[in-house]
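One-letter residues, chain by chain:
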Amino acid sequence: MAAYQEVCVCGFEEFNQAVEQHEGKRIFALFVGSKDTEGNSWCPLCTKAEPVIREGLKSASQECVFIYCQVGDKPYWRDPNNDFRKKLNVTSVPTLLKYGTPKKLVDAECRQANLVEMLFCED
Amino acid sequence: MSVLQAMALPAMPQRQPQPTKEFLNTPEKQGTPRAPWMAVRAPPPPAGTRWGLGGTCVNVGCIPKKLMHQAALLGGAIRDAGRYGWEVAQPARHDWSKMAEAIQNHVRSLNWGHRVQLQERKVKYLNVKARFIDKHTVLGVSKDKKETLLSADHIVIATGGRPRYPTLIQGASEYGITSDDIFWLKESPGKTLVVGASYVALECAGFLTGLGLDTTIMIRSIPLRGFDQQMASLVTDHMASHGTRILRGCTPSRVARLPDGRLQVTWEDRTCGKEDSGVFNTVLWAIGRVPETRGLNLEGAGVETNPESQKILVDARDTTSVPHIYAIGDVAEGRPELTPTAIMAGKLLAQRLFGGSSDLMDYSNVPTTVFTPLEYGCVGLSEEEAVARHGQEQIEVYHAYYKPLEFTVAEQDASQCYIKMVCLRQPPQPVLGLHFLGPNAGEVTQGFALGIKCGASYEQVIRTVGIHPTCAEEMVKLRISKRSGLDPTVTGC
């Protein structure tokens, strides 16, 4: 089990800043629908996936940075031209990815513990 | 599924009370497996290129090849665009590094996709280099030298093949690369000499030319051995008239590195017996492939190979000389070296072993396409094969030269756009072989392959209405036979 540093961001600008700040490190990112004032996300799949992903994170084999990114509200997400879709090729939430690699899990895959663990652990 | 613990030799793994139907498959397999298997890291080639899951096709074959072929075709489209009214700055420059990165990223996403699929199907993936200890036991060694002993009821070998390096040419492996490397180069290969006459050689030389690189291909005797030779000539004629320098009847003797890093290649021109030389940035060997069996210790398992080809001998059920060991794909003797046949054979094997099926793989009438700048699609027999089997008098060959509509406005040369259909002469004239040379040959040939599988006859072909305007419709409009001696050139609408 390795130490991970969690960074919470909201929106595309903050996400990019966080990536820049941690350049050179292993970065994992989870993109979820933003939470309201009561802490509930508009994306039910994201809510279900989060505990699985946090559990999987504990088994990350090396030190890493975990960026927890709330993408925005539902209308923003639905916009086909939003920055996440156009510039990062993240087209659904939840998406869990290893930054700088083609390794990613989307939607229901994020709830499968064996897949999540594989993404965090394997090189 | 129990997790196998890595064990130090010479301890044997504990045998479980019930024999497990663990289906071990040494090295990388191309298709979607249906049972647990073991994957092996490919041993590094001299240039050191390494890759992930998916086999030759995904990493160093079909996929990157077709994408680079597409990149080259787009170059041609950009050139023609002006004729159709587009204001495009000419000449358009090509950035190899940008293309390579995009293609390599796509391949890596496919590697990952395979990894996810294996995990989802509960297939145990062991990233180890495998070899047989005996016919029931396999030793796997990981990157950090950890050893695992495995035993299984069934073992499938699908290690594929690797490009061959010439052994007698000085400097060949030190300075030359192969198809294992060309798709993973980060920088442009520059002025390139491709040595070989296989479809790999022609396809690589083809796209390199299309991307604007100074490209020469050196062919010892005939191009595309095993393919219809009339079609092979047309393929190379097209390449020669579109910028690829073709050296026929030449064999390289030496590769040396110059002080500035470029390569000097010396060769013998057998047509005149003279020696010649040239300077290139890259030398690409495409002279054939050898099965990847060297490190497996097949002898230790009693698995027999063909001493000439070194491929594993198998029967129609893909069984080797050892009843519970199987071999599929390029590593097996007598199989076409194609992705779809290997995948289908693997699926049928799994169904026979675990699904109660008795279906065998049918290797007849397998369609294929050579993705040279002008593509060549074919299914069934070549004209030579048909004549050899049935005799010239029993064969009728219908043929036509045609001009794709898209070639007209751009004033492209269609001299080699040609189709021929080899049939039995006896009515209803069943189709024995189909050969199409033109754009999108793969897309055109696929549908006709179904027709051949259903036993299509020439009489049915000519009663099929064409789709207009396409190149494919010329297939159903074939009327001129070679025997008639009439001019086979189609006049368009």
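Residues numbered from 1 in each chain as written. Chains lettered and ligands numbered in written order. Predicted model: local features only at pLDDT ≥ 70, side-chain atom pairs only at ≥ 80, totals over all residues. Heavy atoms only, no water.

## A few points about the pairing of strand S9 (residues 245–248) of chain B
Residue and element names in this part refer to chain B.
Thought 1: Across 4 bridges, strand S8 (residues 215–219) lies against S9 in parallel orientation. Across the sheet, residue Met218 finds its bridge partner in S9, namely Leu247.
Thought 2: Traced from S8 through helix H7 (residues 229–240) to S9, the parallel crossover comes out right-handed. (Pairing = 2+ DSSP bridges. Helix = DSSP H or I, 4+ residues; strand = E, 2+ residues; numbered from the N terminus. Right-handed = clockwise from strand over helix to strand, strands pointing away.)

## Let's talk about unusual backbone geometry
Leaving glycine out, the prevailing phi sign among residues is negative, and the prevailing peptide bond configuration is trans.
Thought 1: That bond from A:Val93 to A:Pro94 is cis: its omega, 0°, falls within 30 degrees of zero.
Thought 2: Here A:Pro94 shows up in the loop between helix H4 (83–88) and strand S4 (95–98).
Thought 3: With an omega dihedral of -5°, the bond running from B:His468 to B:Pro469 counts as a cis peptide bond.
Thought 4: Of note, B:Pro469 is situated in the loop between helix H13 (458–462) and helix H14 (473–476).

## Topic: the state of the cysteines
As used in these notes, a disulfide is a covalent bond between sulfur atoms, one from each of two cysteines.
Residue and element names in this part refer to chain A.
Thought 1: In the structure shown here, the tally under the stated rule is 1 disulfide over all chains.
Thought 2: With its sulfur 2.4 Å from that of its partner, Cys43 forms a disulfide with Cys46. Disulfide Cys43-Cys46: torsion about the S-S bond near 80°, hence right-handed.
Thought 3: Judged by relative accessible area, which is 5%, Cys43 ranks as buried. (Disulfide = S-S within 2.5 Å. Buried < 20%, exposed > 50% of the residue type's maximum accessible area, 1.4 Å probe, protein only.)

## Observations regarding a positive patch on the surface
All names here are of chain B.
Thought 1: On the surface, Arg164, Arg220, Arg225 and Arg270 cluster together to form a positively charged patch.
Thought 2: Counting through the fold element by element, Arg270 comes out in the loop between strand S11 (263–269) and strand S12 (274–280).
Thought 3: Here Arg270 falls in the partly exposed class, since its relative accessible area comes to 48%. (Patch = residues over 30% accessible without salt bridge, like charges linked within 9 Å, V, L, I, M, F, W, Y side chains within 5 Å. Areas by Shrake-Rupley, 256 points an atom, 1.4 Å probe, with all protein chains shown as cover. Salt bridge = Lys/Arg side-chain N within 4 Å of Asp/Glu carboxyl O. Lys, Arg positive; Asp, Glu negative; His and termini not counted. Charge placed at Lys NZ, Arg CZ, Asp CG, Glu CD.)

## A word on the sheet that holds strand S3 (residues 137–142) of chain B
Residues and elements named next belong to chain B.
Thought 1: Taking strand neighbours across the sheet as the criterion, the 3 strands line up as S2-S3-S4 in an open arrangement whose pairing is antiparallel. The open sheet has two free edges, formed respectively by strand S2 (128–134) and strand S4 (147–151), since each of these has just one partner strand. Direction aside, the axes of adjacent strands within the sheet are offset by 25° on average.
Thought 2: The pairing of S2 with S3 spans 6 bridges and is antiparallel. From the neighbouring strand, Lys129 faces S3, where its bridge partner is Val141. (Axes fitted to C-alpha atoms, helices over the stretch in contact; angles between N-to-C directions.)

## A word on the interface of chain B and chain A
Thought 1: Every contact between the two is made by 9 residues of chain B and, on the other side, 11 residues of chain A.
Thought 2: For the chain B and chain A pair, buried surface summed over both sides reaches about 890 Å², with 63% attributable to carbon and sulfur atoms.
Thought 3: There are 1 salt bridge connecting chain B and chain A.
Thought 4: With its nearest N and O atoms 2.6 Å apart, the salt bridge here joins B:Arg115 to A:Glu122.
Thought 5: Remark: the boundary between chain B and chain A carries 4 residue pairs in polar contact (both at pLDDT 80 or more).
Thought 6: Across the side of chain B that touches chain A, the residue classes break down as 2 nonpolar, 3 polar and 4 charged. (Contact = heavy atoms within 4.5 Å. Buried area = accessible area lost by both parts, 1.4 Å probe. Polar contact = N/O pair within 3.5 Å; in protein donor to acceptor, adjacent residues only side chain to side chain. Nonpolar A, V, L, I, M, F, W, Y, C, P; charged D, E, K, R; others polar.)

## Brief notes about the pattern of salt bridges
Residues and elements named next belong to chain B.
Thought 1: In total, this model carries 24 salt bridges over all chains according to the counting rule given.
Thought 2: For Glu396, the salt bridge goes to Arg483, with nearest N and O atoms at 2.8 Å. Of the two residues, Glu396 is situated in strand S18 (residues 395–401) and Arg483 in the segment after H14; the sequence distance between them amounts to 87 residues.
Thought 3: Since its relative accessible area comes to 10%, Glu396 is described here as buried.
Thought 4: Since its relative accessible area comes to 37%, Arg483 is described here as partly exposed.

## A short note on the nonpolar core
Thought 1: In terms of nonpolar packing, the biggest core is built from 65 residues, with B:Trp96, B:Ile182, B:Val194, B:Phe207, B:Tyr376, B:Met421 and B:Phe436 touching the most fellow members.
Thought 2: In terms of residues, this core owes the most to one element, helix H6 (residues 199–210) of chain B, which gives 6 residues.
Thought 3: If you look at the next biggest cluster of nonpolar residues, it comprises 40 residues, including A:Cys46, A:Ala49, A:Val71 and A:Leu96. (Core = buried A, V, L, I, M, F, W, Y, C linked by side-chain atoms within 4.5 Å.)

## Brief notes about the environment of B:His324
All names here are of chain B.
Thought 1: Position of His324 relative to the elements: it lies in the loop between helix H8 (298–301) and strand S15 (325–327).
Thought 2: The exposure class assigned to His324 is buried, which follows from its relative accessible area of 12%.
Thought 3: Sequence-wise, His324 and Ser198 are 126 residues apart; in three dimensions their C-alpha atoms are separated by 34 Å.
Thought 4: Ignoring sequence-local partners within four residues, the contact set of His324 consists of Lys135, His136, Asp153, His154 and Ile155.
Thought 5: Within polar-contact distance, the side chain of His324 engages the backbone oxygen of Lys135 at 2.6 Å.

## A closer look at the side chain of B:Arg162
Residues and elements named next belong to chain B.
Thought 1: When you line up the elements, Arg162 lands in strand S6 (residues 161–163).
Thought 2: Separated by 3.0 Å, the side chains of Arg162 and Asp180 make a polar contact.
Thought 3: A distance of 3.0 Å separates a polar atom in the side chain of Arg162 from a polar atom in the side chain of Glu292.

## Overview of the sheet that holds strand S20 (residues 431–437) of chain B
All names here are of chain B.
Thought 1: Across the sheet, which stays open at both edges, the 5 strands sit in the order S16-S17-S20-S19-S18 with antiparallel pairing between neighbours. If you trace the sheet from one side to the other, it starts and ends with strand S16 (368–370) and S18, each paired once. The average angle at which neighbouring strand axes cross in this sheet is 10°, direction not considered.
Thought 2: As paired elements, S16 and strand S17 (residues 376–380) share 3 bridges and run antiparallel to each other. Bridged to Thr368 within S17 is Cys378.

## Brief notes about the side chain of B:Thr319
Thought 1: With respect to the helices and strands, the residue B:Thr319 is situated in the loop between H8 and S15.
Thought 2: If sequence neighbours within four positions are ignored, B:Thr319 has contacts with B:Leu313, B:Val314, B:Ile325 and B:Tyr326.

## Side note on the pairing of strand S13 (residues 282–285) of chain B
Residues and elements named next belong to chain B.
Thought 1: Burial of S13 is two-sided: the residues Thr282 and Leu284 facing one way and the residues Val283 and Trp285 facing the other way are all buried.
Thought 2: For strand S7 (residues 192–195) and S13, the ladder comprises 4 bridges, and the chain directions are parallel. Residue pairing in the sheet places Val195 in a bridge with Trp285 of S13.

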